[in-house]
Amino acid sequence: MSKIGKEKLKEIYIIMLRIRAFEERAIVEYHKGIPGFIHSSIGEEAIPAAVGAFLRGDDYLLTTHRGHGDIIAKGARFDKMMAELFAKETGYCKGRGGSMHIVATDRNMLGATAIVGAGLPIASGVALGCKMQKLDRVTVCFFGDGATCTGAFHEALCFASVWDLPVVFVCANNLYSLSTPQKVYTKLEHISDRAKAYGIPGVTVDGNDVAAVAEVASEAIERARKGGGPTFIEGMTYRIYGHHMGDPGTSYRTKEEVEDWKKKDPIARLQSRLLKAKVITKSDIEEIQADVNRELDEAVKFAAESPEPKIEDALSGIYYTAR
Ligand SMILES: Cc1ncc(C[n+]2csc(CCOP(=O)(O)OP(=O)(O)O)c2C)c(N)n1
Ligand SMILES: [Mg+2]
């Protein structure tokens, strides 16, 4: 059915369902009053799922304020993620980070940052560290289209290129940097052309087509692992909700545009493909969804019942003293 193979596509499908279910639940909890913001990636799940499915546990990952999906695709635990969203002591960052700043070191997920573009030079640095230590680990950095306008983006690509670093830069191009559409901040049609300026292979794919993303991602990851250097992948996608849950997203885009993109939903697309090819049945889907929902119920219960950080510990973990 594609170069990727049925079993891999099914694996990716399950990751997408996990991401969607987590975010839908996080939105429900947000409306009930958990602290902080939620930047939903609903509609963009094919990119992290198709990349994450080809990563090893010891590969590294960096992401952004819209990073729940990327973190889940790297195998992070729902309970510790949810507890972090609830600002609880049992969260990945002991409740100090919240939705936008999750660090899941148990999965070599080195951090989400809300400073646009800031993950990129860290990714090149991590990849340099792996190369110097002769580790065959790949670093993946997820970021948005707007991040490609930052100086940090250009520095990161420059170093990754000249040192042939084992890093894959993955841009989820959802057509907007907050409320600014792509055509306002760049004259390029394909943001992947920016990579060419650094001699890095740049490719633009339909980011809502799992198989298309998986093909380029698997090749890029393998190339990086074998010492072939970095790749830039631009996946064209769309965030169905506003920039964050407090943004209705209606002042800078039309209802028709949103409705058009809903029709290109990556989960529905892959699901009908898998059903048609008899890789999965309707009852398999119900079973997977029931399992995911059970895990989420437990994660929410864990988060709700976990203790809040103590006031006297407020500064712990903030400063590091080198010995
Ligand atoms: C350095 C920096 N500049 C501006 C902001 C404010 N800001 C937060 S998210 C965002 C848009 C980012 O757009 P993009 O990189 O396309 O990611 P998306 O939100 O679309 O996933 C901006 C401008 C910021 N957080 N950091
Ligand atoms: Mg964007």
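Conventions and cut-offs
- Residues numbered from 1 in each chain as written.
- Chains lettered and ligands numbered in written order.
- Predicted model: local features only at pLDDT ≥ 70, side-chain atom pairs only at ≥ 80, totals over all residues.
- Heavy atoms only, no water.
- Near = heavy atom within 4 Å.
- Polar contact = N/O pair within 3.5 Å; in protein donor to acceptor, adjacent residues only side chain to side chain.
- Areas by Shrake-Rupley, 256 points an atom, 1.4 Å probe, with all protein chains shown as cover.
- Helix = DSSP H or I, 4+ residues; strand = E, 2+ residues; numbered from the N terminus.
- Buried < 20%, exposed > 50% of the residue type's maximum accessible area, 1.4 Å probe, protein only.
- Donors = N, O, S within 2.8 Å, 3.2 Å for Na, K, Ca; no water.
- Lys, Arg positive; Asp, Glu negative; His and termini not counted.
- Salt bridge = Lys/Arg side-chain N within 4 Å of Asp/Glu carboxyl O.
- Pairing = 2+ DSSP bridges.
- Axes fitted to C-alpha atoms, helices over the stretch in contact; angles between N-to-C directions.
- Contact = heavy atoms within 4.5 Å.
- Expected span 1.5 Å × (residues − 1).

Comments concerning the site of ligand 1
- H65, R66, A114, D145 and G146 are the nearest of the 14 residues found near ligand 1.
- Between D145 and ligand 1, the recorded distance is 2.9 Å, taken from a side-chain N or O atom to an oxygen atom.
- N174 places a side-chain nitrogen or oxygen 2.9 Å from an oxygen atom of ligand 1.
- In isolation ligand 1 has 590 Å² of accessible area, and contact with the protein removes 70% of it.

A word on unusual backbone geometry
- A positive phi angle, close to 50°, is found at D164, a residue other than glycine.
- Topologically, D164 is positioned in the loop between α6 (151-162) and β4 (167-173).
- By relative accessible area, D164 is classed as partly exposed at 40%.
- The phi torsion at L178 lies on the positive side, around 55°, for a residue other than glycine.

Brief notes about the coordination of the magnesium ion (ligand 2)
- Coordination of the magnesium ion (ligand 2) by the protein involves D145 (OD), N174 (OD1) and Y176 (O), with metal-donor separations of 2.1 Å.
- Every donor residue of the magnesium ion (ligand 2) comes from the same chain, spaced as D-x28-N-x1-Y. With D145 in the loop between β3 (139-144) and α6 and N174 in the loop between β4 and β5 (176-177), this residue pair connects regions lying 29 residues apart in the sequence.

Describing the side chain of K88
- By secondary structure assignment, the location of K88 is in the loop between α4 (78-85) and β2 (109-113).
- Despite being buried, K88 has no salt bridge partner; E308 is the closest side chain of opposite charge, sitting 5.3 Å away.
- Within the local environment of K88, its side chain forms a polar contact with the backbone oxygen of A303, the two atoms lying 3.0 Å apart.
- Reaching out from K88, the side chain makes a polar contact with the backbone oxygen of A304 at a distance of 3.0 Å.

Overview of the sheet that holds β3
- The sheet built from 6 strands is open, its strands ordered β2-β1-β3-β4-β8-β7 with parallel pairing. Two strands bound the open sheet, and with one partner strand each, they are β2 and β7 (202-206). This sheet shows a mean twist of 15° between the axes of neighbouring strands, independent of strand direction.
- With 3 bridges joining them, strand β1 (residues 60-64) and β3 adopt parallel strand pairing. Looking at the pairing, L61 lines up with V140 of β3.
- The sheet contacts of α6 involve β3, β4 and β8 (231-236), and relative to β4 the element is tilted by about 150°.
- Its contacts with the sheet put helix α9 (residues 210-225) on β4, β7 and β8, and the angle it makes with β7 is roughly 155°.

Describing α9
- Across its 16 residues, α9 extends 22 Å between first and last C-alpha, which sits within 8% of the 22 Å expected from 1.5 Å per residue.
- Every buried residue belonging to α9 is among V210, A211, V213, A214, V216, A217, S218, A220, I221 and A224, and all of these are buried.
- In the core, the buried residues of α9 are packed alongside α1 (6-32), α2 (46-52), β4, β7, β8 and α11 (266-276).
- Where α9 begins, the side chain of D209 points an oxygen toward the backbone nitrogen of A211, at a separation of 3.1 Å.
- Positioned one or two residues after α9, G227 has a phi angle of 90°, which is positive.

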